[in-house]
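Architecture and fold: a report
Single-letter residue listing:
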Amino acid sequence: MSKKSLQGIIEALLFAAGDEGVSMQQITNVLDITDIEATNVIEEMKEQYNDESRGLQIIEVGGVFQMVTKKEHSDYLKKLVESPGSGILSQAALETLAIIAYKQPITRVEIEEIRGVKTDRSLQTLTAKALIKEVGRADGTGRAILYGTTKEFLDCFGLKTLKELPPLEEATEDDLDEEADLFFGLPN
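This text gives an overview of the structure that appears in the document. Note that the coordinates shown come from a computational prediction; the quantities given were computed from them, not determined experimentally.

Glancing now at the packing of aromatic side chains. All chains considered together, the criterion is met by 1 aromatic pair. A centroid spacing of 5.0 Å and a plane angle of 45 degrees characterise the contact between Phe153 and Phe157, whose relative ring orientation is tilted. Geometry around Tyr49 places Arg54 over its ring, the cationic atom sitting 4.2 Å from the centre.

In structure tokens, the structure reads:
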């Protein structure tokens, strides 16, 4: 395998691993190369990324390699994150957030049962915006992730505690009949 191919694969591994990073052992196992070969390729990549025209760099933290943005670009990244367009949540994300706020701790499957649709994308968005976080694992098979809201959620919505959430209105039988009439009603 060529050095360029190895670099491309390692770059893809670092990108896919994100914040978790990739250990030297993972790199050598995946690529079926020695520690020395992997070290040489990574050091060469670090040098290439050190060019001022690049916005990323490869670092080693706690025994894992990560691809991260360069510190000198932090002001620009901060502007991006704080820009007005970044605060908008989709209707799906808002619905998911409301379910988590009222039913926490709750699993993805439970949220999907309530919403009736997949929630993977909404959960990713809400986690990225630090409005929700993993608060534990459910008992039972698979030990599903339990989600709950964060301090940032409370700050964002001006709440001191979750007890300040407005009460949920209970649906009455009349409401359900009216909704059914609207849904099933045929024009005269």
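Our next topic: the nonpolar core. One finds Leu97, Ile100, Leu126, Ile132 and Phe153 to be the most contacted residues of the largest nonpolar core, which totals 17 residues. Elements supplying a minimum of two residues to this core: α5 (91-103), α7 (120-128) and α8 (151-156). Ranked by residue count, the leading element in this core is α5, at 5 residues. Apart from the residues within four sequence positions on either side, Ile100 is in contact with Ile106, Ile111, Leu123, Ile132, Tyr147, Gly148 and Thr149.

Moving on: the side chain of Ser23. Structurally, Ser23 is set in strand β1 (residues 22-23). Other than its neighbours up to four places away in sequence, Ser23 contacts Gly63 and Val64.

About the cut-offs
Residues numbered from 1 in each chain as written. Predicted model: local features only at pLDDT ≥ 70, side-chain atom pairs only at ≥ 80, totals over all residues. Heavy atoms only, no water. Phe/Tyr/Trp six-rings, centres within 6.5 Å; stacked < 30°, edge-to-face > 60°. Lys NZ or Arg CZ within 6 Å of the ring centre and 35° of its normal. Core = buried A, V, L, I, M, F, W, Y, C linked by side-chain atoms within 4.5 Å. Buried < 20%, exposed > 50% of the residue type's maximum accessible area, 1.4 Å probe, protein only. Helix = DSSP H or I, 4+ residues; strand = E, 2+ residues; numbered from the N terminus. Contact = heavy atoms within 4.5 Å.

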